[in-house]
Amino acid sequence: MPALRSALGNSLAGAQGKTLADQNRIDRTMAPGCAIGLYTPAECDRHTKASAARRGELN
């Protein structure tokens, strides 16, 4: 899994979409990585919080 982690990096965690549809795509991309342990718990937590904040801004 280190090769996959290296290829994907960690910049997606906390990313904010321009639209709600963008945010949905980011979240759907991030979720499997969190589920299989590709991202650290801290990265997943950061993303969850940033996504919730961004969704609040977009609604």
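The following paragraphs examine the structure supplied in this document. These numbers were taken from a predicted model, which means no experiment stands behind them.

1. Points about the packing of helix α2 (residues 20-35) against helix α3 (residues 41-58)
Relative to each other, α2 and α3 sit at 165°, their axes nearing to 11 Å. Regarding the angle of α2 to α3, the classification is roughly antiparallel. In the crossing of α2 with α3, the sense of the turn from one axis to the other is left-handed. Contacts between α2 and α3 involve Leu20, Gln23, Asn24, Ile26, Asp27, Met30 and Cys34 from the first element and Glu43, Cys44, His47, Ser51, Arg54, Arg55 and Leu58 from the second. Its residues assigned to classes, the contact of α2 with α3 shows six nonpolar, four polar and four charged.

2. Section: α2
Helix length check: α2, at 16 residues, gives a terminal C-alpha distance of 22 Å against a target of 22 Å (1.5 Å per residue), a fit within 8%. Gln23, Ile26, Asp27, Met30 and Gly33 are the residues of α2 that are buried. Seen along its axis, α2 keeps its buried residues to an arc of 125°; they face one direction. Exposed residues lying more than 90 degrees from the buried face of α2 are Arg28, Thr29 and Ala35. In this structure, the buried side of α2 is in contact with α3. A positive backbone phi angle near 80° is found at Gly37, which sits one or two residues after α2.

3. What about the pattern of salt bridges?
The full count for this structure, using the stated rule, is four salt bridges. Between Asp22 and Arg25 there is a salt bridge; the shortest N-O distance is 2.5 Å. With Asp22 and Arg25 both in helix α2, this residue pair falls three residues apart, about one helical turn. Of the charged contacts, one joins Arg54 and Glu57 as a salt bridge, the two residues approaching to 2.8 Å between their closest N and O atoms.

4. Description of the state of the cysteines
All told, the structure shown has one disulfide when counted by the stated rule. The side chain of Cys34 participates in a disulfide bridge whose partner is Cys44; the two sulfur atoms lie 2.1 Å from each other. Here the disulfide of Cys34 and Cys44 is left-handed, its torsion about the S-S bond being about -115°. You can see Cys34 sitting in helix α2 and its partner Cys44 sitting in helix α3, a full ten residues away along the chain. When its relative accessible area of 28% is taken as the criterion, Cys34 is described as partly exposed. A relative accessible area of 12% means that Cys44 is categorised as buried.

The rules we used
- Residues numbered from 1 in each chain as written.
- Predicted model: local features only at pLDDT ≥ 70, side-chain atom pairs only at ≥ 80, totals over all residues.
- Heavy atoms only, no water.
- Axes fitted to C-alpha atoms, helices over the stretch in contact; angles between N-to-C directions.
- Helix = DSSP H or I, 4+ residues; strand = E, 2+ residues; numbered from the N terminus.
- Parallel < 35°, antiparallel > 145°, perpendicular 65-115°, else oblique.
- Left-handed = near helix turned anticlockwise from the far one by under 90°.
- Contact = heavy atoms within 4.5 Å.
- Nonpolar A, V, L, I, M, F, W, Y, C, P; charged D, E, K, R; others polar.
- Expected span 1.5 Å × (residues − 1).
- Buried < 20%, exposed > 50% of the residue type's maximum accessible area, 1.4 Å probe, protein only.
- Arc of directions from axis to C-beta.
- Salt bridge = Lys/Arg side-chain N within 4 Å of Asp/Glu carboxyl O.
- Disulfide = S-S within 2.5 Å.

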